[in-house]
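Architecture at a glance
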Amino acid sequence: MSIIDILLHIAAAVLGYVIGSVNAAVIITKYILKSDVRERGSKNAGAANVTRVFGPVAGGCTLLLDMAKVMLVMWLGGVMAGETGTATAAIACLTGHCFPIFFGFKGGKGILCSGTLLLLLDWRIAAVGWGLFALLWLTTRYVSLGSVSGAVSFPVTTLIFCPGNWTVFVLSLLIAALVIWAHRENISRLLHGTESSFRWHTDAP
């Protein structure tokens, strides 16, 4: 890898992190609805908690904007540095979403962003992850259980559907690790039986 390639990958990572740090949940709730979602419901700055607290319109807007930023980042990363640039920008975007520089490094937990970027890389991997998420969420009402289970499936399905593609496999490992880390408190509550199940408008302002 040449010096130019290295610089392009660094640029893709920085760009991905900065764009990823633009957290739609915080912008919509704190600056438009005047009630920070990080202080409501599960206190997570993601589409699920926005939907839980503020309803489907606000949640849907959050979902679309988060998906759009992932698509933008991956396109830019690919233009700048090819497939590895796409992967570099993608994981940087996910990191920015979870730890946004603009909002005190307190962001979302990355499930929607993870599912979106994997959908763009290989729809089959995303289909298994989203299917597992939906199944566990609908049957248990625990968003966190579905989220963690879906993330854990990514490296496994990558080996099945993309054998030999080590760029995607490493990316899936990083995604799974970051999602598990972001959900560490939820995992603890699930193990102790104190996790809150999903309900609509449980803590609306």
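These numbers were taken from a predicted model, which means no experiment stands behind them.

1. Quick look at the pattern of salt bridges
According to the stated counting rule, one finds 3 salt bridges in the structure shown. In this structure, the salt-bridge partner of R38 is D36, at a minimum N-O distance of 2.8 Å. Each of the two residues, R38 as well as D36, counts as buried. Close ionic contact of K69 with D66 constitutes a salt bridge, the shortest N to O distance being 3.7 Å. With K69 and D66 both in helix α4 (residues 56-98) and 3 residues apart, the pair spans about one turn of that helix. We note that K69, like D66, is buried.

2. Looking at the side chain of T29
By the secondary structure assignment, T29 is in helix α2 (residues 24-32). A polar contact is formed between the side chain of T29 and the backbone oxygen of A25, at a distance of 2.7 Å. Look past the residues within four positions of T29 in its chain and what remains in contact with it is K34, S35, D36, V37, V50 and F54.

3. Considering the packing of α2 against α4
Between α2 and α4, whose axes approach to 8 Å, the crossing angle comes to 145 degrees. Considering the relative orientation of α2 and α4, their crossing is right-handed. For the pair formed by α2 and α4, the contact residues are A24, A25 and I28 on the first element and A58, C61, T62, L65 and D66 on the second. Of the residues contributing to the contact of α2 with α4, the split by class is 6 nonpolar, 1 polar and 1 charged.

How each quantity is defined
Every residue gets a number counted from 1 within its own chain, in the order that chain's sequence is written. At least 70 in pLDDT is required for a residue's local features to be given in this predicted model, at least 80 for side-chain atom pairs to be given and counted, and no such filter applies to totals for whole chains, interfaces and linings, which use all residues. For the side-chain quantities, the full set of heavy atoms in the structure was used; hydrogens and water were omitted. A side-chain nitrogen of Lys or Arg and a carboxyl oxygen of Asp or Glu constitute a salt bridge if their distance falls within 4 Å. Throughout this description, buried means an accessible area under 20% of the type-specific maximum (1.4 Å probe, protein chains only), exposed means over 50%, and partly exposed covers the range between. Secondary structure follows DSSP: runs of H or I at least 4 residues long count as helices, runs of E at least 2 residues long count as strands, and numbering of each begins at the N terminus. Polar contacts here mean pairs of N or O atoms no more than 3.5 Å apart (in protein, one a potential hydrogen donor and the other a potential acceptor; neighbouring residues in sequence count only if both atoms are side-chain atoms). Residues count as neighbours in contact if any of their non-hydrogen atoms are within 4.5 Å of one another. Here, axes are lines fitted to C-alpha atoms. For helices the fit covers the stretch in contact, and angles between N-to-C directions go from 0 to 180 degrees. Should the near helix be turned anticlockwise from the far one by less than a right angle, the crossing is termed left-handed; should it be turned clockwise, right-handed. Gly is placed with the polar residues, together with every amino acid not listed as nonpolar (Ala, Val, Leu, Ile, Met, Phe, Trp, Tyr, Cys and Pro) or charged (Asp, Glu, Lys and Arg).

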